[in-house]
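Residue-level structure breakdown
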Amino acid sequence: TRSDRSSGTRVSDTELRYVFIVCVSTAKDVTYICPFIGPVRGSLTVTNYRLFFRCTDREPVFGLDLPLGVLSRVEKIGAATSRGDVSYGLVCKDMRNLRFVHKEPEDSLKKSVFEVLMKFAFPVSNNMSLFAFEYKQVFPENGWRVYDPLAEYKRQGLAKESWRITKVNDHYELCDSYPAALVVPVTITDEELRRVSSFRAKGRIPVLSWIHPESQAAVVRASQPMVGQNGRRCKEDEKLLQAIMDANAQSHKMFIFDARPSVNAAANKMKGGGYESEDAYQNAELVFLDIHNIHVMRESLRKLKEVVYPKIEDSHWLSNLESTHWLEHIKLILAGALRIADKVESGKTSVVVHCSDGWDRTPQLTSLALIMLDSHYRTIRGFQILLEKEWLSFGHRFQQRVGHGDKNHTDADRSPIFLQFIDCVWQMTRQFPAAFEFNEYFLITILDQLYSCLFGTFLCNSEQQRLKEEVPKHTVSLWSFVNSQLEEFVNPLYVHYPSHVLFPTVGIRHLQLWVTYYIRWNPRMRPQEPVHQCYKELLAKRAELQKRVEELQREAANRTASSSSERAGSPTRSITPVQTYV
Amino acid sequence: MLSLGSVGAKSTKPSFVSYVTPEEIKLEKEPPKIEKHPDLLPGEVEFCCANPILKYTQDDLSQRGIFGTLFCTNFRVTFISDEKSQEETTKTFKNKLYGENDIPLMCVDHIYGVYDEKKKLITGGLVKNKYPSKMIIHCKDLRVFQFCLTFTKEEDAKKIFQGIAHHCLEEKSLKCVFAFSYSGTPSPGTELSSCREMQRKRETILFDSPEDWTQEMKRTRANCRLVTENENFELSQRYIIRHFTANISSIKCYYYLNYKVHIWCWSHHSGCALFKASLPPVTQEDGDFQKHLDIMINAVAHNYLYSAKTEDLSESLPTIQDIQQSYNKFKQFFLIENSTDFWLSDVKWFSSLESSGWLDIIRQCLQKAVEVVECLEKDNTNVLITEEEGTDLCCVISSLVQIMLDPYYRTLMGFQSLVQKEWVAGCHAFLDRCNHLHQKDKECHSPIFLLFLECVWQLVQQHSPAFQFSETYLTVLSDSVDVPVFSTFLFNSAHHRESVMKAESPLAQSSPLSCPTVWDWSVQFDSKAQNFFFNPLYSEKVKHEKAVRKAHKPKHQRQLSLPSTAFKPPSKKGFFKDETDSLKKMLRVKRLSRWMGSPDSPAATTRGFYESWQQRPLDYHGLLLPCLDGPAVRVWMQRYLRWIPEVHIMGGGSVAVMTKLMELLSQVQDLKCVLEQRDSSQAVKLDHRPYIQHRLLSFGSSGRLSSSFPFAYSRNRSFKPIIPTGLMQSLMVSDSLASQEDEASSFVSLV
C-alpha cells in the first residue's frame, strides 16, 4: 500500500531488527488467510516497528507490510487444532482484520510470534517507549516548526485594541489541557480568567480560535459551564462572553453553540455541568447541535467495519450502510459547522462553541467551520497549522482516543473522533474539488500516520504532556515527512481563491462513504487508475510543452543573435500528441 | 468557489422575482393586464391561457412565487412571468425548443390538484367540475411545478386546468403528437436536405439502409450475410427487422420461425458473435419449440467450431413491469415539493433507495452484460440472447456488451450509431414503453431505454476517460426522449414508422414526411452548448498504435482459445474434418444445456473474470468492465438532483473540476500551437493530427456556478448555506451509549 511504500523503506535502515524471522526453511509455514483471495502461504517477519508478510510463490507477488501501531488487538483464535495449527487474529485500527495460521511451534523460537507481537505492538502496556522515539530519520524540514501560535494569530489579523495574547497559562497552571498562548478580550484581566477557569469544565475557558478579517466576528471555543442543578453563575464568565460580543462591533448578539443533544446537555447538570442559561447571558442565543458522544461514534464505526470488511453484501449495501448511522453523524457534524460558519460569515456574529469538555466535538466543529471560512486552512501547510492549533495544542486527547501502544482495546476512552473529522474534510473536498490544495492521499497519510506511531505528532494528550515527554526533541514530526515531499500530496486541480467561503451541502444525498479509505483493503474496490492521475499527466504535459516552447524560444533568440546558419543539434523531437480530446 | 460573504451580500443585482406572498397581493390592486404570448414554434398552436397565475418558487419554504400567465399549446404547458427575466438570455446551455418554464406535453408525468389542503392525483374523472386551488405538475425529467390558480377568474382557471389535464393525461392518437405538426411546416431550403443527408452519413449511422449494415459488418469483420428479403417487411409482420444480418444457414431457419428471427449484433475480433432473438414463451407444441431453438443455435454456431450459448433474459432479469414499478418508486425520491419534504426524506435516504430496487436492477443488467462479455472475450463462444419480444432487455444487454467490448461505441458518434442499431432499427417499442400517448393500459410502459442510459452512466462514472461523451450528454439524451419533436423515439418499430409516415405524407406535399432525428442536436442546442456533450478528459486513441494492434490479434487467437479448457483439441496438428465433426457433437451437448442455470452462480464466476481483468493494466481502448460491488453502483446525481435547490453545491461540484480542466487544456493547446508555428517555420512537419476545434468552454466566473450547472440555475439566492431542518427526527440512538459521559475517569499517561 501507499503508506508502506512511503514510510516503510525509510524506516528499514534505522529500525532495529529486533526480529522474529520464521526460519528460511519454514517460509511456507505461515498462512495468511486473506478474505479476498483465500489462504496465502509465505513468511512472516515482525520487527519492533512493523509486520511483514511475504509470499513469493504467487503471481503477482503478494505482501503485507503494516506498522504494529495499527494493531488494536492481537489474539489467538481457538485452541490448537488436531493438525497442530495455531491461529492468530489481528484486529487493526485501520478497518481490517488479519489472520495468520502456522504450525504449532516445535521449538521455543517459533512460540514467540505471538509474544513478540504482544510486546512490540503494545509498548506502552509493556513499559517500553513507542517506536517514534527510536525513529531517527532526518528530513530537510523540521515539521515541529510548522505552527507558531503568535504568527498564526497575527496572520488572522488580530485587532490589538480588542484582543490580547495572555501568558496566564504559560506554565499550564490555568488549564493543563490548553496551550500556553491564549487569546482573550483585552478587557478581561488574568485574575478574572482564573475565576472563569473554575467555572468551566477542566478549566477550559472561552478563548479565541479565529477572527473574521473583515467583520471581526470571532469563533471562540470553551468547555461547558459548571452550572449544575442549582444554576450556578459566574460573573466573570458572563463578563468574558459579553466582552467577546463587544469586541465585534457589527453585531449586538452572539450565538453559543452547544454541540450536544439538548437532552445530554441537560443531563450534564446532574453532574455539575450544563449549559448557559439565557437569563445569565443576555443577548446570547443558545443552539444545540445534536451531535452524539464519543461512545456512540465508536459504536457507529464498529458497525461500519462490520458492514464493509471483509465482505460487502451487495443487495443490502445501502440499508446496511444506513444502519451504521456513520454518514448521519457526519451530516450532523457538517451541519453544525455549517451553522457556525453561516453565523460568522452571513450574520457577522461572534460564536462560542463548546461540548462537554471541549476537546472532541468542539475541535471537530471549530476546525470544520474554519476550513469553510478561511481558505488558508485549505492549503497543505494551512491544514497542518489547523491540526496543530485546534486539535493538538487545544488538547484533543489523541493518546486516549487512539490508544497508542496500549493493549487495552476495550478502553471506553477510545473513539474515532479525529477520523470522523478527516472524513468530514474529505466530504468537503468531494464537494469542492478545486478548493483544496491537498489531495485525498494527504488525508489518508495523516490517518495512517496517526496510528503508525512513527512520528511524534499525534502522541500524548496535550501540549503540556508533549513538552514534558520532550516529544519534539526526541521524535520526528509528521510534517517533516510530508513537507519534504509535497508534490505527492498536491491536488492538481487546486485553484486558489483567497476570499472564498465554502458552504457544503450536508444532505445525505450528497454525502458518500469514503470508499478509498474504509474499503481500500478490498481489491475489487481499488481503482486501477485514479482520475487524478489524468490531471497530473495533463499538468506534466503542460509543463513539458512549456519547457519545449521556452527551449525553442531560447534557441531562436540565440540564432537571431548569432545570425549564423549553422544549427546546433536540435533536441530530439519527441512530442507525443496529447492524448486528450480537446 | 464562493465569493466571500461580503461580496455575496453586496450583490445588489436587481431582483426580477417578485417576492410577494399571496396575502399581500390580495391587498394590492389588480395587476395591469399585460398581453403576453409565448414564442411559438413552427406548427405550434395555443389552446388556452389564464392570468394571473402564481408559480411557486421552490427555493424556500415560504410559499412565495412569481405571477404570470399560464398557457397550454399543442406542444407544451408554458408559464410566462409578468416580469421579464433577463437570466433566460444569458444561459449558456439553453434548449431552443423549451425553456425552464416550459413543459412539453409528453414530459408531463403526473398532475396533482390541491383541494382544500388535500393533494389528489388528477385522473380523467376528477377534471369535470371542480378545479383545484393549486396544481402540481411532476415532469418526467423530474422537474416539479406548482401553480396557484386562485388569483385568476374562475372560468379561466377552470379552462386552463381542464385544458392542461386533457392534453397531458387523456389518451390520444399518434397523429396528435406535436412532431407531426412541427415537421409539417416547410423547413427552410429543401435542397439542403440532400446536403444534410450527406452530413448525416458522416456522422451517426442510422442503420436504415443495407449499406449501413454492410459497413458495420465490415468494421467488425463479421462473417454474416445481410438478408434483404425483408426489405418490405413481408416476411415477418410483428417483429420487424428491416435488414437483418445472420449466419448463412439461418436464412432457412427464419422460414420456420416465421415470426421471430435472430439478428446479428456484433462480432468479436476472435470471430465469435453476439446475436439476439425473440423467443416465444413455451407453448403446447413443445417439440416444435425445441426444434426451432435447435435450429437457431445451430445457425448461430455453425460457422465456427465454437460452441454457442443461449441466454433467456426473461428468466434471469426482472420483467419490464418490475422495472416500471421500481422506477416509479425510485423517482418519487426526487420529485420534491418543498424543503421540509426534502429533509424528512433525507434521513431515510439509503434505505429508501434500496427499497426501490432500482440500483439493483442496474446492477443486474450490468452483471448480465459482463457475463455475456466473458463468453465472447474469454471463452470465445457465440452468444444468443433471447427474450419474449427480443426488443427490451435484449437491447439493453446487447448494447452494454458492445460498449464494454468495442471502444468505437464509446465515442459520441459510435454511441449514437449504437442506439440506432440496437434500439431504433432494433425495434424497441419506444412509443409503448415511454407511453407517449397516455394509454391506459399500464402493462407495456417501462423505462427500458432510461435503464440502459443509467447503466451507461455507471460505466462513464467509473471509467470516464474511456468515453468521448459526458454525463451531461446522457442526461440531455434521457430528457430528449420526452420531447415530441424527434422521430427517433416516436415509433414502435421501423415498420411502424414507415407506415405512419406514409399515411401522413399526403398532408405534406408528396415526399414522405420527415421529422428531425434526435441526433440533430442543433435543433435543441447551439454549438456552444453542444460542447457540454464532450468529455474533456477523453483519451483519444493514437492512430498508429491501433494499426499495430489489429495486425496482431485476429487469426492466431482463434485457434489458441478455441472452445474452452474442457474441450481442448486432442492433437496439436489442427482440425480436420472428422475431428471437427466429433467436436461439434460434443459442443452440442454444452450448447443445449442452459448456461449458468442457478441464480447465485453467475456473480461468483464473473467475479473472477472481473478480478483478472482488473489486475491487467487499464486500457481505455480495450475491454472495459464495471465494478458492481455495492458501493460502486451509484445514483446518477446530475440527472436526479439537478432541480433540487437543497442539494446544489454553490461553487462546487464537477463544474469546478471542468473549469480548471478547460483552462489547463486550453493552455496545453495554446502551447502546442506555439510549437507548431515554430516547427512549421523550421519546415519540419511534425504531427499531422488536425487540431480539433476548441471545444473549450469558458464558464465565466465559476465561483457563481452551482453543482447543478448546466441545468438548473440557482438564481437570486444569495450565498446562503442550506441548513437542514428537523435534524434529530430520526437519529435516535436507542442504546445506553448516548447518555454516557464522554470521559471515563481513568487517565492513561504515556510512559
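Residue positions are given per chain, counting from 1 as you read along its sequence in written order. Starting at A for chains and at 1 for ligands, labels are handed out in the order in which the entities are written. For a predicted model such as this one, the threshold for reporting local features is a pLDDT of at least 70, and the threshold for listing and counting side-chain atom pairs is 80 or more; totals across whole chains, interfaces and linings nevertheless cover every residue. For the side-chain quantities, the full set of heavy atoms in the structure was used; hydrogens and water were omitted.

**What about the sheet that holds strand β11 (residues 207-211) of chain A?**
Residues and elements named next belong to chain A.
- For two strands to count as paired, DSSP must find a minimum of two bridges between them. For helices the rule is a DSSP run of H or I covering at least 4 residues; for strands it is a run of E covering at least 2, with both sets numbered from the N terminus onward. Ordered by their spatial adjacency, five strands build an open sheet running β11-β12-β15-β13-β14, and the pairing between neighbours is mixed. This sheet does not close on itself; its edge strands, each paired only once, are β11 and β14 (284-288). On average, each strand axis in the sheet is tilted by 25 degrees relative to the strand beside it, whichever way the strands run.
- Judged from the three bridges that link them, strand β12 (residues 218-221) and strand β15 (residues 350-354) form a sheet pairing that is parallel. Each residue of the ladder has a partner; that of V219, found in β15, is V351.
- Two residues form a contact once any of their heavy atoms are found within 4.5 Å. With axes taken as lines fitted to C-alpha atoms, and helix axes fitted only over the stretch in contact, angles between N-to-C directions fall between 0 and 180 degrees. Set on the sheet, helix α5 (residues 235-246) makes contact with β12, β13 (254-258) and β15; between it and β13 the angle comes to about 125 degrees.

**Brief notes about the pattern of salt bridges**
- Salt bridge criterion: a side-chain nitrogen from Lys or Arg within 4 Å of a carboxyl oxygen from Asp or Glu. Summed over the entire model, instances satisfying the criterion amount to 46 salt bridges over all chains.
- For K473(A), the salt bridge identified is with E470(A), shortest N-O distance 3.6 Å.
- Between D629(B) and R524(A) there is a salt bridge whose closest N-O contact spans 2.9 Å. Of the two residues, D629(B) is situated in the loop between α25 (601-615) and α26 (637-641) and R524(A) in the loop between α18 (515-518) and α19 (531-562); the pairing between them involves two chains.

**Re the sheet that holds strand β8 (residues 144-148) of chain B**
Residues and elements named next belong to chain B.
- Spatial strand order, β4-β3-β2-β1-β8-β7-β5-β6: eight strands in an open sheet with antiparallel pairing. The sheet terminates laterally at β4 (102-104) and β6 (118-121), the two strands that pair on one side only. Each adjacent strand pair in this sheet contributes to an overall mean axis angle of 30 degrees, direction not counted.
- Bridge analysis of strand β5 (residues 108-115) against strand β7 (residues 134-139) gives six bridges, and the strand direction is antiparallel.

**What to know about the packing of helix α9 (residues 326-345) of chain A against helix α13 (residues 417-431) of chain A**
Residue and element names in this part refer to chain A.
- Following both chains from N to C, one finds α9 and α13 inclined at 75 degrees, their axes separated by 10 Å at the closest point. Judged by the inter-axis angle, α9 sits roughly perpendicular to α13. Residues W326, L327, H329, I330, I333 and L334 of α9 form the contact with α13, whose own contacting residues are L419, Q420, D423, C424, Q427 and M428.
- When its residues are assigned to classes, the contact of α9 with α13 shows eight nonpolar, three polar and one charged. Oblique is the label for any angle not covered by the other classes, which are roughly parallel (under 35 degrees), roughly antiparallel (over 145) and roughly perpendicular (65 to 115). Three categories are distinguished: nonpolar for Ala, Val, Leu, Ile, Met, Phe, Trp, Tyr, Cys and Pro, charged for Asp, Glu, Lys and Arg, and polar for the others, with Gly belonging to the last.

**Focus on the side chain of D312(B)**
Residues and elements named next belong to chain B.
- Tracing the chain through its elements places D312 in strand β13 (residues 308-312).
- In protein, a polar contact means a hydrogen-donor-capable atom and an acceptor-capable atom, both N or O and within 3.5 Å, with residues adjacent in sequence counting only if both atoms are side-chain atoms; elsewhere, any N or O pair within 3.5 Å suffices. Within the local environment of D312, its side chain forms a polar contact with the side chain of S314, the two groups lying 2.7 Å apart.
- Apart from the residues within four sequence positions on either side, D312 is in contact with L279, T386 and E387.

**Focus: the confidence of the model for chain A**
Residues and elements named next belong to chain A.
- Looking at chain A as a whole, its pLDDT mean stands at 86, while 88% of the residues score no less than 70.
- Think of pLDDT as the predictor's per-residue confidence, scored from 0 to 100. Every residue in residues 1-27 scores below 50 in pLDDT, and together they form 61 contacts with partners more than four places removed in sequence or on other chains.
- Predicted confidence is poor over residues 564-582, with pLDDT under 50, and the contacts of this stretch with residues over four places away or in other chains come to 48 contacts.

**Things to note about the packing of aromatic side chains**
- The pairing test for Phe, Tyr and Trp rings, Trp by its six-membered ring, is centres within 6.5 Å, and the orientation test on the planes gives stacked under 30 degrees, edge-to-face over 60, and tilted for anything in between. For the structure shown, the criterion picks out 67 aromatic pairs over all chains.
- Taking the centre distance of 6.0 Å and the plane angle of 10 degrees together, the rings of F145(B) and F147(B) count as stacked. Pair check on accessibility: F145(B) and F147(B) agree, each one buried.
- When the centroid spacing of 5.1 Å and the interplanar angle of 70 degrees are considered together, the rings of W521(B) and F533(B) count as edge-to-face. Within this pair, whereas W521(B) is found in the loop between α20 (494-504) and α21 (527-530), its partner F533(B) is found in the loop between α21 and α22 (543-552), the two being separated by twelve residues in sequence.
- Both a distance and an angle decide whether a charge sits over a ring: NZ of Lys or CZ of Arg must be within 6 Å of the ring centre and within 35 degrees of the ring normal. Seen from the ring of W359(A), R397(A) lies directly overhead, with NZ or CZ sitting 4.5 Å from the centre.
- The ring of Y115(B) has K120(B) sitting right over it, with the charged end atom 5.3 Å from the ring centre. Note on classification: 1.4 Å probe, protein chains only; a residue is buried when its accessible area is under 20% of the maximum for its type, exposed when over 50%, partly exposed between these limits.

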